[in-house]
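Per-entry structural report
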Amino acid sequence: AAAAQFGAQPWWTYLPRRDDTTMVQPSKFYANTIAFRTAIYRKVGGFPALGRKTRGASSLIGAALAKLGVRVWENPSAAVDHPPPADLKHLAVRAIAHGRDHYMKHGEERHLGGLARSVGIAVSRLGRGWYRTLRYGHRVGLPLWEVPYSFTVTGTYHAFFALGGILTHLSPEMMGRRFRV
């Protein structure tokens, strides 16, 4: 029904959201899905530098907004669509950086917890991605014959994600300088 309502969509498009327009206060948000007035952006000093990581600025800017008394609201029925990676190199860089950033979530130095987290998350999200492809692919018009291609892309991304965590464990300094997104 959703595919018929919104037309056939590529497999990377998020599933359509609810039709209600009730605004809610989210517990977290992502920097690529937020909008606010320029004056507020300048007041909080923009997105902070993160050192070796490239993810996590939204948590810091969220704390700065809260300190100013600015509440963040989410529209659950808003549709957000992110373009797919341009090519295999782009996919690899994004995934490796993602794995690195999960490794460094609680610290930028070498630690086994970061290695376990980044590899564990890759495995967990791979399983979840494959499950969702099988369970919900028909909602976005994914033909059964394209499922193996979707699995290949998902598997490739999460293999690079895990590699990002492993490489970060081996050399946190080098990984902090490389794979900037």
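As the structure is a computational prediction, the values presented were derived from the model and not from experiment.

Okay, the overall build of the chain next. Looking only at helices and strands, one finds seven helices and zero strands in the chain. N-terminal to C-terminal, the α/β element order of the chain is α-α-α-α-α-α-α. Residues counted as buried form 29% of the 181 residues belonging to the chain. Pairs at least 24 apart in sequence give 78% of the contacts found in the chain among residues at least 6 apart. In the structure as shown, the chain presents an accessible area of about 11600 Å², 59% of it carried by carbon and sulfur atoms.

A word on the nonpolar core. In terms of nonpolar packing, the biggest core is built from seven residues, these being Leu91, Ala95, Ile121, Ala122, Tyr157, Phe161 and Ala162. Counting residues per element, the ones that place at least two in this core are helix H4 (88-103), helix H5 (112-136) and helix H6 (147-170). In terms of residues, this core owes the most to one element, H6, which gives three residues. Leave out the neighbours within four places in its chain, and Ala95 touches Tyr157, Phe160 and Phe161. Residues Phe29, Ile61, Leu65 and Val72 belong to the second largest nonpolar core, which totals five residues.

Across its 25 residues, H5 extends 35 Å between first and last C-alpha, which sits within 8% of the 36 Å expected from 1.5 Å per residue. Within the sequence span of H5, burial applies to Gly114, Ser118, Ile121, Ala122, Gly129 and Thr133. Lining the buried residues of H5 we find H4 and H6.

Interaxial distance between H5 and H6 falls to 8 Å at its minimum, and their mutual angle equals 175°. In terms of orientation, H5 and H6 fall into the roughly antiparallel class. Counted together, Leu112, Leu115, Ser118, Val119, Ile121, Ala122, Arg125, Leu126, Gly129, Trp130, Thr133 and Leu134 of H5 and Val147, Ser150, Phe151, Thr154, Gly155, His158, Phe161, Ala162, Gly165, Ile166 and His169 of H6 form the full contact between these two elements.

Take the side chain of Thr168 next. The topology assignment puts Thr168 in helix H6. Classification of Thr168 as buried rests on a relative accessible area of 0%.

All right, on to the confidence of the model for the chain then. For the chain, per-residue confidence averages 79 on the pLDDT scale, and residues scoring 70 or more make up 80% of the total. Element-level pLDDT for the chain is lowest in helix H1 (residues 2-6), with a mean of 41, against a maximum mean of 94 in H6. Note on residues 1-15: pLDDT is under 50 here. Beyond four places in sequence and across chains, it has 27 contacts.

Applying the stated rule across the entire model yields one salt bridge. A salt bridge links Asp101 to Arg100, with the shortest nitrogen-to-oxygen separation between them at 2.9 Å.

Below, the discussion takes up the environment of Phe47. Structurally, the position occupied by Phe47 is in the loop between helix H2 (38-43) and helix H3 (57-67). Among the residues examined, Phe47 registers a relative accessible area of 32% and is labelled partly exposed. Measuring from C-alpha to C-alpha, the distance between Phe47 and Leu60 comes to 7.8 Å, with 13 residues separating the pair along the chain.

About the cut-offs
Residues numbered from 1 in each chain as written. Predicted model: local features only at pLDDT ≥ 70, side-chain atom pairs only at ≥ 80, totals over all residues. Heavy atoms only, no water. Helix = DSSP H or I, 4+ residues; strand = E, 2+ residues; numbered from the N terminus. Buried < 20%, exposed > 50% of the residue type's maximum accessible area, 1.4 Å probe, protein only. Contact = heavy atoms within 4.5 Å. Areas by Shrake-Rupley, 256 points an atom, 1.4 Å probe, with all protein chains shown as cover. Core = buried A, V, L, I, M, F, W, Y, C linked by side-chain atoms within 4.5 Å. Expected span 1.5 Å × (residues − 1). Axes fitted to C-alpha atoms, helices over the stretch in contact; angles between N-to-C directions. Parallel < 35°, antiparallel > 145°, perpendicular 65-115°, else oblique. pLDDT = per-residue confidence, 0-100. Salt bridge = Lys/Arg side-chain N within 4 Å of Asp/Glu carboxyl O.

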